[in-house]
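# Results of the structural survey
Now for the letters of each chain:
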Amino acid sequence: AQTTQLLVEPPWIPAVLWDRVTLTCQGLGTAGATTWYKDGQRWGQEGPDNFTVTESGTYHCDRQGSGFSPTVTVSDDWVVLQVPAWSLLEGDTVTLRCRGWWNNSVTGVQFYRGNEKVSRSLPGTELSLSPLQLNHCGRYHCRGKVYSSKSWVQHNSKPVTVTVHEFPIPWVSVWAQPPGGLVAPGDRMVLSCEVATGTCPLSFIWHWGGSGTPLGTSPHLELRHIGDNDSGHYHCRVSDGDSMAKSVPLNVTVLGQVHTGDPVTLRCSVQVGSAPVTFTWLHNGKEVARRPVLELGDIDVGHSGTYQCVATNQLGQDGHRVFRALSPELALEVTPGSPWVTALRKQQERVPLDPPAPPEEGEVLYTHVVSTERVGGPPCATSPQVTYAELPGPHRRQRDPSDFYGNVL
């Protein structure tokens, strides 16, 4: 969805008054139709899309058609800790800088995350978080001395939030092991909730369907001896203390059997991501299609194996940063066999170095016959009578069965 953005130049958060800060409002609507707000109050009538800030405070804008923008703070404090205004991705080179009022010198600078001091190898007014990792998220502030009124006075900056984003497409915030949310009755499944963006520390609450009863309060939810009643949509709520976000639901399906001839369609979608997103299907690691929906049709044994979807898009105006995300693997096992009667192969012990002789032409050997009900047909009044025989070969020696056979009663 198109949303209103508030761009700040120079691109640092919070901005500082002595940098000659320019704010630009971007969104839908006609030019010159921007409504500005300062410190939560409407600030004049509809006006230009950008202006140069002359007063400290908190600003946001409104564009008819795309709504309100996020807020931007312009500070005039004695000591300010700044973080880059762009989205911070894993692996980026990021520097936080501690600055004094109107560029006055700051000495004895210390950096803190929460109440803990952050160690660094070099003294100075900058803190490097490179390469950036998810565990760098948190609230930081700096402390230093600024010269004022013929003396050095120690000041603390206001805290700033460092939010580390994982690859922006596509991220499944709730995933399952075994993958795909598919599980056989009686098996064990573990659901995991992970957050691509957020502030540490995080708290988790699990829910099933529309029920408000919490199922768990950790990042992982274990379902033991799963049954039919455990099927449904699971989601987790994540809170950083200031706000709460709800994950996209994950559908857990307790599997039945898939037989030859059943129609099967696989669909791939993403939770977030900028268009265009390209979908590629892999079967046993080899590319088989490029589209979001893979229709297998009436499946047979050849369709067995693992399926996986790869979603790809590009980030940035230059399009040089390409991101790929893999879906969980879906294992598809197709059960062969006649819907009427199936002859199963019987395992027999063999004498080492004495393999059985191959059957002669025309010989048929049934070792075990299992009767099954006809699919879609009327129920049998009585169990069918099945006769089978183990035919001896030359010299009346028992033969090992050589194949599977299906009979129609």
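Computed from a predicted structure; not experimentally measured. (Residues numbered from 1 in each chain as written. Predicted model: local features only at pLDDT ≥ 70, side-chain atom pairs only at ≥ 80, totals over all residues. Heavy atoms only, no water.)

Helix and strand counts for the chain stand at 0 helices and 38 strands. The buried share of the chain, taken over its 409 residues, is 33%. Residue pairs at least 24 apart in sequence account for 61% of intrachain contacts in the chain once pairs closer than 6 positions are excluded. Roughly 24900 Å² of accessible area belongs to the chain as shown, and the carbon and sulfur atoms make up 51% of that amount. (Helix = DSSP H or I, 4+ residues; strand = E, 2+ residues; numbered from the N terminus. Buried < 20%, exposed > 50% of the residue type's maximum accessible area, 1.4 Å probe, protein only. Contact = heavy atoms within 4.5 Å. Areas by Shrake-Rupley, 256 points an atom, 1.4 Å probe, with all protein chains shown as cover.)

Right, let's talk about the packing of aromatic side chains for a bit. Considering all chains together, one arrives at 9 aromatic pairs under this definition. Here the aromatic rings of Trp-101 and Trp-102 are separated by 6.2 Å at their centres, their planes lie at 80°, and the arrangement is edge-to-face. For Trp-102, a relative accessible area of 43% gives the class partly exposed. Taken together, the aromatic side chains of Trp-18, Trp-78, Trp-101 and Trp-102 make up a single cluster linked through ring pairs. Lying across the ring of Trp-12, Arg-97 places its NZ or CZ 3.8 Å from the centre. (Phe/Tyr/Trp six-rings, centres within 6.5 Å; stacked < 30°, edge-to-face > 60°. Lys NZ or Arg CZ within 6 Å of the ring centre and 35° of its normal.)

A few words on unusual backbone geometry. Between Ser-130 and the following residue, Pro-131, the backbone shows a cis peptide bond with an omega angle of -10°. Tracing the chain through its elements places Pro-131 in the loop between strand S16 (126-128) and strand S17 (138-148). Between Gln-177 and the following residue, Pro-178, the backbone shows a cis peptide bond with an omega angle of 5°. The topology assignment puts Pro-178 in the loop between strand S21 (174-177) and strand S22 (182-183). Located in the positive-phi region is Asp-39, a residue other than glycine, with phi close to 55°. By the element assignment, Asp-39 lies in the loop between strand S5 (34-38) and strand S6 (41-42). One non-glycine residue, Ser-149, lies in the positive phi region at around 55°. Assessed through its relative accessible area of 67%, Ser-149 is described here as exposed.

Next up on the list: the sheet that holds strand S2 (residues 12-13). Pairing in this open sheet of 4 strands is antiparallel, and the strands run S2-S11-S13-S16 from one edge to the other. Looking at strand neighbours, the two that pair on one side only are S2 and S16, the edges of this open sheet. As judged from the 2 bridges shared by S2 and strand S11 (residues 79-84), these two strands associate in the antiparallel manner. From the neighbouring strand, Trp-12 faces S11, where its bridge partner is Pro-84. (Pairing = 2+ DSSP bridges.)

This brings us to the state of the cysteines. One pass over the structure, following the stated rule, counts 4 disulfides. In this model, Cys-98 is linked to Cys-142 through a disulfide, with the two sulfur atoms separated by 2.1 Å. Disulfide Cys-98-Cys-142: the torsion about the S-S bond is 75°, which places it as right-handed. One end of the pair, Cys-98, is in strand S13 (residues 95-100); the other, Cys-142, is in strand S17, and 44 residues separate them in sequence. Cys-142 carries the same exposure label as Cys-98, and that label is buried. Disulfide pairing places Cys-268 opposite Cys-309 at an S-S distance of 2.1 Å. (Disulfide = S-S within 2.5 Å.)

Attention now moves to the pattern of salt bridges. Overall, the coordinates contain 8 salt bridges when judged by the stated rule. Between Arg-63 and Asp-49 there is a salt bridge; the shortest N-O distance is 2.9 Å. Of this pair, Arg-63 sits in strand S8 (residues 57-63) while Asp-49 sits in the loop between S6 and strand S7 (50-52), and the two are 14 residues apart along the sequence. Asp-77 is paired through a salt bridge with Lys-158; the nearest N and O atoms lie 3.8 Å apart. With Asp-77 in the loop between strand S10 (72-75) and S11 and Lys-158 in the loop between strand S18 (151-156) and strand S19 (160-162), this pair connects stretches of sequence that are 81 residues apart. For Lys-158, a relative accessible area of 58% puts it in the exposed group. (Salt bridge = Lys/Arg side-chain N within 4 Å of Asp/Glu carboxyl O.)

Across the chain, the average pLDDT comes to 75, with 70% of residues at or above 70. Low pLDDT (under 50) marks residues 167-172, which in the prediction has 25 contacts with non-local residues, meaning those over four places away or in another chain. Every residue in residues 338-409 scores below 50 in pLDDT, and together they form 83 contacts with partners more than four places removed in sequence or on other chains. (pLDDT = per-residue confidence, 0-100.)

A few words on the sheet that holds S21. One open sheet accounts for 3 strands, arranged S21-S23-S25; its pairing is antiparallel. With one partner strand each, in any of the chains shown, S21 and strand S25 (220-223) form the two edges of the open sheet. With direction set aside, neighbouring strand axes in the sheet form an average angle of 20°. Summarising the sheet, strand S23 (residues 189-193) and S25 pair through 4 bridges and their orientation is antiparallel. Within S25, the residue paired with Ser-192 across the bridge is His-220. (Axes fitted to C-alpha atoms, helices over the stretch in contact; angles between N-to-C directions.)

The biggest cluster of nonpolar side chains holds 21 residues, and the ones touching the most others in it are Leu-81, Leu-96, Phe-111, Tyr-140 and Val-162. Other than its neighbours up to four places away in sequence, Leu-81 contacts Ile-13, Pro-14, Leu-96, Arg-97, Cys-98, Phe-111, Tyr-140, His-141, Cys-142, Ser-157 and Val-160. (Core = buried A, V, L, I, M, F, W, Y, C linked by side-chain atoms within 4.5 Å.)

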